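One letter stands for each residue in the lines below.
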Amino acid sequence: MIPFNRPFMTGEETVHILEAHANGQLAGNGPFTRACQQWLVDKTGCKKALLTHSCTSALEMAALLIDIKPGDEVIMPSYTFVSTANAFVLRGAVPVFVDIRADTLNIDESLIEAAITAKTRAICVVHYAGVGCEMDSIMAIAERHGLYVIEDAAQGIMSDYHGRALGSIGHLAAFSFHETKNVISGEGGALLINDERFAERAEILWEKGTNRSSFFRGEVDKYTWVDIGSSFLPGELIAAFLWAQLEHADGITARRLHIWNNYHTAFADPETNHQLRRPVIPEGCRHNAHMYYLIYDSLAERSAFIAHMKAADIMTVFHYVPLHLAPAGLKYCRTHGPLPITEQLSERLVRLPLWPGLETELPRVIDTALAFANA
């Protein structure tokens, strides 16, 4: 069986983990944590980066930092992972879903302004498949209405929007290092801070609501509880693993792009023949080959394709069930207007295997998929 995903190892992870043990610090915020955070700052241009247990934790920190309160509203797409909404629902806010674009499957920026009410506090965008949302338009809308913008860039590391790294454009952003992402630590994430007003408080929330980091920098003579917070930082073993991945992030991305480009070339003719649709990368967006997907004409055709690939021992999977159709979505959220593109494309999209190491099996995957198109 060719799996949909296989976690990639650079070979240096265990070396760094042993080094972390030799350093005598396994709790968080040690040398590897700081190295990873500085890498993120240098690579993206954000003002500050803090490693977290997960992208979910980073989004929860973002909700705390912008002081989300019960009854507040946050505009976002429904075609996303549950964490995008959960982070705000946990604070008592109401996610307000608008439809996505048919080309990129990102939030449709033209629908955002009409969804803004007196209760709206933020816009949370999701860079689907590592392809940037129309951030210039979205940031302009937010500025006109005094709203915060949070980038759910879980899939977006090493991607750019008009020369700016995803995660560096909104007020706050969140990365994921889950094993299904491009750069991994098993579980893990990061909060990126682009608005310096949040930098000091973010560190306090990250350290369980204490000024512990200030104490270790010698800025205060003792540390104490000064704000709400939680234990958001991961241990050094996670950071050590992640550091081995970040050191090779350029190479990992290049290998993924090689696979992505092979897929894209292979499926050009079936798209021309209206047998399927390939991903769309807008001008000015540099993507990271996080995923390669195909869009078929119907749920039945997609299901037949998945069964066809499975019969050949190749795992392909669909993606999100729209949140507005989920039981919790019906309970905690609302939609602004109909979401026909979200509902239709979520039933027609299928993702192909994509991971470093797939190269030798790639012809088999492509030939099997093309056999379905040509049947």
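Per-chain numbering applies: the sequence of each chain, read as written, is numbered from 1 onward. For this predicted model, a pLDDT threshold of at least 70 governs which residues receive local features, and a threshold of 80 or more governs which side-chain atom pairs are given and counted, while totals over whole chains, interfaces and linings are taken from all residues. Just so you know, side-chain values use all the structure's heavy atoms and leave hydrogens and water out.

Thoughts on the pairing of strand β5 (residues 148–152)
Along a regular strand, successive side chains alternate from one face of the sheet to the other. Rule in force here: Each residue's exposure class comes from its accessible area (1.4 Å probe, protein chains only) as a fraction of the maximum for that residue type: buried when under 20%, exposed when over 50%, partly exposed otherwise. Helix and strand labels come from DSSP, where a helix needs a run of H or I of at least four residues and a strand needs a run of E of at least two; each type is numbered from the N terminus. At least two DSSP bridges between two strands are needed for those strands to be called paired.
Of all five residues making up β5, five are buried, and the element is well covered by its neighbours. Of the two faces of β5, the one holding Tyr 148, Ile 150 and Asp 152 and the one holding Val 149 and Glu 151 are both buried throughout. In this sheet, β5 lies alongside strand β4 (residues 120–126) in parallel orientation, the contact comprising five bridges. The residue bridging Ala 122 from the neighbouring strand is Tyr 148, located in β5.

Section: empty space enclosed by the protein
Threshold: Throughout, the protein atoms alone are placed on a 1 Å grid, and a set of points is a cavity if a 1.4 Å probe fits but cannot get out or a pocket if it is open with protein on both sides within 12 Å along at least five of seven lines; lining residues have an atom within 4 Å of a point. Grid points are joined across faces, edges and corners, and a volume is the space filled by probe spheres set on the points. Ten residues, namely Ala, Val, Leu, Ile, Met, Phe, Trp, Tyr, Cys and Pro, are considered nonpolar, four, namely Asp, Glu, Lys and Arg, are considered charged, and the remaining ones, Gly among them, are considered polar.
Tallying each qualifying case throughout the model produces three cavities of 30 Å³ or more. Taken together, 13 residues form the lining of the largest cavity, with Ala 129, Val 131, Pro 279, Ile 281 and Tyr 293 sitting closest to its centre. For the lining of the largest cavity, the per-class residue count stands at 10 nonpolar, three polar and no charged. When its volume is computed, the second largest cavity comes out at roughly 60 Å³.

As for the sheet that holds strand β6 (residues 160–161)
Spatial ordering of the open sheet is given by β7-β6-β10, a layout of three strands whose pairing is antiparallel. The open sheet is flanked by β7 (164–165) and β10 (285–286), the only strands paired with a single partner. With two bridges connecting them, β6 and β7 associate as antiparallel partners. Considered in β7, the bridge of Tyr 161 is made with Arg 164.

What about the layout of surface pockets?
A volume near 540 Å³ is recorded for the largest pocket. Forming the boundary of the largest pocket are 31 residues, of which Phe 81, Gln 155, Thr 180, Lys 181 and Tyr 320 lie nearest the centre. Taken together, the elements giving at least two residues each to the lining of the largest pocket come down to α3 (55–65), α4 (82–89) and β13 (349–352). It is α3 that provides the largest number of residues to the lining of the largest pocket, a total of three residues. One number sums up the size of the second largest pocket: a volume of about 190 Å³.

Digging into the sheet that holds strand β12 (residues 334–335)
Spatial strand order, β1-β9-β8-β5-β4-β2-β3-β12: eight strands in an open sheet with mixed pairing. What marks the edges here is a single partner per strand, and that holds for β1 (48–52) and β12. Pairing geometry for strand β2 (residues 73–77) and strand β3 (residues 94–98), over five bridges, is parallel. Each bridged residue has a counterpart across the sheet, and for Val 74 the counterpart in β3 is Pro 95.

Focus: the side chain of Ser 185
Stated precisely, the cut-off is as follows: We call two residues in contact whenever any of their non-hydrogen atoms come within 4.5 Å of each other.
Turning to its location among the elements, Ser 185 is positioned in the loop between β8 (172–176) and β9 (189–193). Among all residues touching Ser 185, those that are not within four sequence positions of it are Phe 177, Ile 238, Phe 241 and Leu 242.

Re the state of the cysteines
Going by this rule: Only a pair of cysteine sulfur atoms within 2.5 Å counts as a disulfide in this structure description.
Counted under the stated rule, the structure contains zero disulfides. Residue Cys 55 stays outside any disulfide, its sulfur separated by 8.8 Å from that of Cys 124, the closest cysteine.

Here we look at the pattern of salt bridges
What counts, and what does not: Any carboxyl oxygen of Asp or Glu within 4 Å of a side-chain nitrogen of Lys or Arg constitutes a salt bridge here.
One pass over the full model with this rule turns up 15 salt bridges. The salt bridge involving Arg 334 is made with Glu 73; its shortest N-O contact spans 3.2 Å. On the criterion of sequence distance, the pair formed by Arg 334 in strand β12 and Glu 73 in strand β2 is long-range, its members being 261 residues apart. Measuring nitrogen to oxygen at the nearest pair gives 2.5 Å for the salt bridge that ties Arg 197 to Asp 195. Among the residues examined, Arg 197 registers a relative accessible area of 60% and is labelled exposed. On the basis of relative accessibility, which here comes to 13%, the residue Asp 195 falls in the buried class. Residues participating in the shared-partner salt-bridge network are Arg 101, Asp 103 and Glu 109.

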